[in-house]
Amino acid sequence: MDSTIYLTLWAVLAFVSWLIVAGGAVLAVFSRAIKDTTFERIGLAAVCLTATGAACRVFVAGWASAGDAALAASAAFYVAAVTAKHVRTPKP
């Protein structure tokens, strides 16, 4: 029973984290304030699609390993940090 609860918690953490990554990538792609090149925006779109696919995979499988959850959480933390930096930086 305990292992089922842990797998479910890892799955929830991974699912939410991948959605945060996908959302951050979408915001960066469509943001007018961020001056990215076309290739950077294509890369961000690929990150968004990959993160969305990973979230769907976790949802369908119903479980995620601790490594999957750690990778997703670290990527989500990075996206949150970059988003906070862009939000706090005054616009010229």
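Everything that follows concerns the structure shown earlier in this document.
About the thresholds
- Residues numbered from 1 in each chain as written.
- Predicted model: local features only at pLDDT ≥ 70, side-chain atom pairs only at ≥ 80, totals over all residues.
- Heavy atoms only, no water.
- Phe/Tyr/Trp six-rings, centres within 6.5 Å; stacked < 30°, edge-to-face > 60°.
- Helix = DSSP H or I, 4+ residues; strand = E, 2+ residues; numbered from the N terminus.
- Core = buried A, V, L, I, M, F, W, Y, C linked by side-chain atoms within 4.5 Å.
- Buried < 20%, exposed > 50% of the residue type's maximum accessible area, 1.4 Å probe, protein only.
- Contact = heavy atoms within 4.5 Å.

Visitor: Please set out the packing of aromatic side chains residue by residue, giving values where relevant.
Guide: Considering all chains together, one arrives at one aromatic pair under this definition. With centroids separated by 5.8 Å and ring planes inclined at 40°, the aromatic side chains of F15 and F59 adopt a geometry described as tilted. Of this pair, F15 sits in helix 1 (residues 2-30) while F59 sits in helix 2 (residues 38-61), placing them 44 residues apart in sequence.

Visitor: So, the environment of L13: which residues are in play, and what are the values?
Guide: Along the chain, L13 turns up in helix 1. Taking the C-alpha atoms as reference points, L13 and A72, 59 residues apart in sequence, are found 7.9 Å from one another.

Visitor: Run through the nonpolar core, naming residues and quoting values.
Guide: Judged by nonpolar contacts, the single largest core of 16 residues is most densely connected at A14, W18, V21, A51, V58 and A64. When contributions to this core are tallied by element, the ones reaching two or more residues are helix 1, helix 2 and helix 3 (66-88). Looking at this core, the element that brings in the most residues is helix 1, giving six residues. Sequence-distant contacts of W18, defined by excluding residues within four places in its chain, comprise A51, A54, A55, L71, A72 and A75.

Visitor: Lay out the side chain of S17 in plain terms, naming residues and giving numbers.
Guide: Of note, S17 is situated in helix 1. For S17, a relative accessible area of 5% gives the class buried.

Visitor: Can you tell me about the environment of T52, naming the residues and giving the values?
Guide: Structurally, the position occupied by T52 is in helix 2. Under the relative-accessibility criterion, T52 is labelled partly exposed at 32%. With 37 residues separating them along the chain, T52 and F15 place their C-alpha atoms 9.0 Å apart.

As far as function goes, none of this settles anything; it's purely spatial.
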